[in-house]
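Given next are the chains, with one letter for each unit.
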Amino acid sequence: MASVFEEMAGLDRLIHEPARLAILTALSACKKADFTFMQRLTGLTVGNLSVHLSKLEEAGLLRTEKQFVAKRSNTVAELTKKGRAAIDNHWRQLESLRKDSRNWKVDQ
Amino acid sequence: MQGPKEIWFLTLRYSRSQGLKGFPLGLLLLAVVLWVNFTSGAARNLILPISFGVGAAILYWLVGDYYRRRYGMVEVTVEQRRVDFLYAALAGIAGLGAFLIDVSYELSVNMVGLVFAAGCIFEYKRLYRLGKSSYFVWQTIISFILILAASLLPVLGAGDVWLQLGLRSHLLLVLLVTSVILLLGSLGEHLNFVRQFPAGEIEHG
């Protein structure tokens, strides 16, 4: 049923997954953020967060860069132009869907 | 996981919500107030106030480093940086104007205090109203009332309360109250920050 709604709204499944949506939403509010911050914010494990970042990077929605801070590696992520447009569009679609849902009527 | 609105808000205000960053500023203000209060005549030796400033700057950097290592780093957008700078500049101009009025005229209200009180409301409207936490509402209300009351003491019939406290002027009392609010507020904001970024399996990626 959920996929029917997603198709109806034309939502991008890659973005709509909750963890990835959280990552993209966070990155849309800043220029860039590091791995530690995203982990704290989302509560994801290292492995899970890495997988989601990789998927988003493969789709061209964000770019990552390894930095070394006090001899420890830290990944910094930044939305690409495509990623910023995609997340803006996604939230617009969700907002539009929310507005439309107010007009739904239950058949008697 | 937090909701999307909270995620957006926490990221946008990440640097500003790092409460302990206010602690060195509160300490600096408190030290300057006490130094001015207990320095008689024209100050010739400025080593002490300069060392306050250097100490506060070092402490501020250490606090920033603590947050960066433990909670991570967020770089704000250029637009956000510009807006923050603009508001900081406006606040500085308003504060300086109020200070000049306070030292030039004998008013029964303290203008610096009124600017600080207005700043509390303005900061809340600008930065925190979108947050889910009720902490900022209470912090704003308490800070506003305390600073406003300190600024209006002569009007409220307590015209010499600062003398009874051993302070030389109304302005010093207002700044003392502000520094205590900054110190206590920074601890409260830090506890609120820790609640919003709970510890989990944290490792560098």
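Residues numbered from 1 in each chain as written. Chains lettered and ligands numbered in written order. Predicted model: local features only at pLDDT ≥ 70, side-chain atom pairs only at ≥ 80, totals over all residues.

## Remarks on the overall build of chain B
The following threshold applies: Numbering of helices and strands starts at the N terminus; helices are DSSP runs of H or I of at least 4 residues and strands are runs of E of at least 2. Burial in this document is a count-based property: other C-beta atoms within 10 Å of a residue's C-beta are tallied, and the residue is buried at 20 or more, exposed at 12 or fewer, or partly exposed in between, with C-beta positions derived from the backbone. Two residues qualify as being in contact provided that their C-beta atoms, derived from the backbone, are within 7 Å of each other.
In terms of regular secondary structure, chain B is built from eight helices and one strand. Starting at the N terminus, the α and β elements of chain B follow one another as α-α-α-β-α-α-α-α-α. Based on the C-alpha atoms only, the size of chain B along its principal axes is roughly 55 × 35 × 30 Å. Within the span of chain B, comprising 205 residues, buried residues form 27% of the whole. The contacts in chain B between residues at least 6 apart in sequence include a share of 74% that link residues at least 24 apart.

## Digging into the interface of chain B and chain A
Reports of interface size often rely on the accessible area that becomes lost once the parts have come together. Test applied: Nonpolar residues are Ala, Val, Leu, Ile, Met, Phe, Trp, Tyr, Cys and Pro. Charged residues are Asp, Glu, Lys and Arg, and all others, Gly as well, are polar.
Each partner contributes residues to the interface: chain B has 22 residues there, and chain A has 27 residues. Of all the secondary structure elements, the ones that give two or more residues to the side of chain B that touches chain A are helix H1 (4-12) and strand E1 (74-75) of chain B. Among the elements that make up the side of chain B that touches chain A, the one with the highest residue count is H1(B) (six residues). Across the side of chain B that touches chain A, the residue classes tally to 12 nonpolar, seven polar and three charged.

## Describing the nonpolar core
Heads up, the condition is: Here a nonpolar core is just a set of buried residues of the types Ala, Val, Leu, Ile, Met, Phe, Trp, Tyr and Cys, joined wherever their C-beta atoms sit within 7 Å.
Grouped together as the largest cluster of nonpolar side chains are 36 residues, with contacts concentrated most on A:Ile23, A:Leu24, A:Ala26, A:Leu27, A:Ala33 and A:Met38. Among the elements of the structure, helix H3 (18-28), helix H4 (35-42), helix H5 (46-58), strand E3 (72-79) and helix H6 (81-101) of chain A together with H1 and helix H3 (47-71) of chain B are those that each provide at least two residues to this core. Here this core gets six residues from one element, more than from any other, and that element is H3(A). In this structure, A:Ala33 is in contact with A:Ala26, A:Leu27, A:Met38, A:Ala77, B:Thr11, B:Gly72, B:Met73 and B:Val74, ignoring residues within four places of it in sequence. In this structure, B:Met111, B:Val112, B:Phe116 and B:Ala117 belong to the second largest nonpolar core, which totals 21 residues.

## Re the packing of H3(A) against H5(A)
All names here are of chain A. Filter applied, for reference: Only C-alpha atoms enter the line fits that serve as axes; for helices the fit covers just the stretch in contact. Angles between N-to-C directions range over 0 to 180 degrees. Between 65 and 115 degrees an angle is taken as roughly perpendicular, under 35 as roughly parallel, over 145 as roughly antiparallel, and anywhere else as oblique.
Two numbers describe how H3 lies on H5: the axes approach to 10 Å, and their chain directions differ by 70°. With respect to their mutual orientation, H3 and H5 come out roughly perpendicular. On H5, the residues touching Ala19, Arg20, Ile23 and Leu24 of H3 are Asn48, His52, Leu53, Lys55 and Leu56. Its residues placed into classes, the contact of H3 with H5 shows five nonpolar, two polar and two charged.

## Some points on the confidence of the model for chain B
Here is the rule: A residue's pLDDT is the predictor's confidence in that residue, given on a scale from 0 to 100.
Residues with a pLDDT of 70 or more make up 93% of chain B, whose mean pLDDT is 88. Both scores are given for the predicted complex: the pTM is 0.82, the ipTM 0.80.

## Concerning helix H2 (residues 22-38) of chain B
Residues and elements named next belong to chain B. Put simply, the test is: In this analysis, the expected span of each helix is defined as 1.5 Å times one less than the number of residues it contains.
With 17 residues, H2 extends 24 Å from end C-alpha to end C-alpha; this agrees with the ideal 24 Å at 1.5 Å per step. Taken together, the buried positions of H2 are Gly22, Phe23, Pro24, Gly26, Leu28, Leu29 and Val33. Buried residues along H2 sit in contact with H3 and helix H8 (170-196).

## Looking at the pairing of E3(A)
Residue and element names in this part refer to chain A. Keep this limit in mind: The pairing criterion is simple: DSSP has to find at least two bridges between the two strands.
In this structure, strand E1 (residues 32-34) lies alongside E3, joined through two bridges in antiparallel fashion. The residue of E3 that forms the bridge with Asp34 is Val76. In this sheet, E3 lies alongside strand E2 (residues 62-69) in antiparallel orientation, the contact comprising eight bridges. Across the sheet, the residue bridging to Arg63 is Glu78, located in E3.

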